[in-house]
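Chain by chain, the residues run as shown.
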Amino acid sequence: MDKLLACLVAVPLLLAGCQTPDGFVEGTRLGIVARSPVQFPVIFVNSYTGEGLKKFPENAWAAVDVSGIIPPATKAVYLSGLLIITHGKASEVCDLTLAYRNYGDAADHPYVAQTIEAESNGGQRTPHSIWIPVREGNFEMKWRRSTVGDWPEHCAYGINLNLVAYLR
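Residues numbered from 1 in each chain as written. Predicted model: local features only at pLDDT ≥ 70, side-chain atom pairs only at ≥ 80, totals over all residues. Heavy atoms only, no water.

Asker: I'd like to hear about the overall build of the chain, residue by residue, with values.
Answerer: For the chain, the helix and strand inventory stands at 1 helix and 9 strands. With 168 residues in all, the chain has 39% of them scored as buried. In the chain, once contacts between residues fewer than 6 apart in sequence are set aside, the share between residues at least 24 apart is 77%. Accessible surface computed for the chain: about 9,800 Å², of which carbon and sulfur atoms make up 58%. (Helix = DSSP H or I, 4+ residues; strand = E, 2+ residues; numbered from the N terminus. Buried < 20%, exposed > 50% of the residue type's maximum accessible area, 1.4 Å probe, protein only. Contact = heavy atoms within 4.5 Å. Areas by Shrake-Rupley, 256 points an atom, 1.4 Å probe, with all protein chains shown as cover.)

Here it is, written out as structure tokens:
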């Protein structure tokens, strides 16, 4: 009888994704892209051209809706791509950071990704990959840069991340 009760309790938890005591959520199915990972670009920001700045304003939490890409009940997505800095002529340290959080979370979480360029006319292309929890087909991200002004005098910043896998 105890085993039957344990199974009746465990099955819904398994289907819903069990939260382990250490704060992790487990899933049972992994989906990966069928072809090239760039087929699902979900975050693209280019401070030089202005592309993505309305959707992902600097230093503000923005929802990233991936519900049209992933199946219902997805628990997490895996993003991979580049953090980009093209240094201008000015003598300055250019720093780009990214932070992520659950959709609807009110906490201001610290950044988990960073790239820096200190050499004038230099540049950085830093690979970045991360698993992010998803709620209602969304997660939130925030980016920050250390300098302002336009390239070619000042630094230009870019974020190019593609969804390459999901867990449900």
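On we go.
Asker: Provide a residue-level description of unusual backbone geometry, including the pertinent values.
Answerer: Most peptide bonds adopt trans geometry, and most residues besides glycine take a negative phi value. Here the bond from tryptophan 151 into proline 152 is cis, since omega is 25°, no more than 30 degrees from zero. Tracing the backbone through its elements, the reader meets proline 152 in the loop between β8 (138-145) and β9 (156-167). At glutamate 136, a residue that is not glycine, the phi angle is positive and equals roughly 55°. Checked against the element boundaries, glutamate 136 lands in the loop between β7 (123-133) and β8.

Asker: Before we move on, can you summarise the packing of aromatic side chains with the specific residues and values?
Answerer: Under the counting rule described, the total for this entry stands at 3 aromatic pairs. Here the aromatic rings of tyrosine 48 and tryptophan 151 are separated by 5.5 Å at their centres, their planes lie at 85°, and the arrangement is edge-to-face. Taken together, the positions of tyrosine 48 in the loop between β2 (41-46) and β3 (62-65) and tryptophan 151 in the loop between β8 and β9 put the pair 103 residues apart, joining distant regions of the chain. When its relative accessible area of 33% is taken as the criterion, tryptophan 151 is described as partly exposed. (Phe/Tyr/Trp six-rings, centres within 6.5 Å; stacked < 30°, edge-to-face > 60°.)

Asker: I'd like a description of a nonpolar patch on the surface, backed by residues and values.
Answerer: Taken together, the side chains of Leu30, Ile32 and Trp131 make up a nonpolar region of the molecular surface, amounting to roughly 370 Å² of accessible area. Take tryptophan 131: it is sitting in strand β7. (Patch = residues over 30% accessible without salt bridge, like charges linked within 9 Å, V, L, I, M, F, W, Y side chains within 5 Å. Salt bridge = Lys/Arg side-chain N within 4 Å of Asp/Glu carboxyl O.)

Asker: Which residues make up the state of the cysteines, and what values go with them?
Answerer: Scanning the entire structure with this criterion turns up 1 disulfide. Covalent S-S linkage joins cysteine 94 and cysteine 155, the inter-sulfur distance amounting to 1.7 Å. Across the S-S bond linking cysteine 94 and cysteine 155, the dihedral sits near 55°, which makes this disulfide right-handed. In this pair, cysteine 94 is assigned in strand β5 (residues 94-102) and cysteine 155 in the loop between β8 and β9, connecting sequence segments 61 residues apart. With a relative accessible area of 0%, cysteine 94 lands in the buried category. (Disulfide = S-S within 2.5 Å.)

Asker: Give a description of the environment of alanine 63 that names residues and reports values.
Answerer: Tracing the sequence through the fold places alanine 63 in strand β3. Judged by relative accessible area, alanine 63 falls into the partly exposed class, the value being 40%. Taking C-alpha positions, alanine 63 is 9.3 Å from asparagine 102, a pair spaced 39 residues apart along the chain. Those residues within four positions of alanine 63 in sequence are excluded, and the remaining contacts are Phe56, Tyr103, Asn138, Phe139 and Glu140.

Asker: Any details on the pairing of β9? Residues and values, ideally.
Answerer: Across the 12 residues that make up β9, a large majority, 10, are buried. Note that β2 and β9 share 5 bridges and pair antiparallel. When the bridges of β9 are listed, proline 41 appears paired with asparagine 162. (Pairing = 2+ DSSP bridges.)

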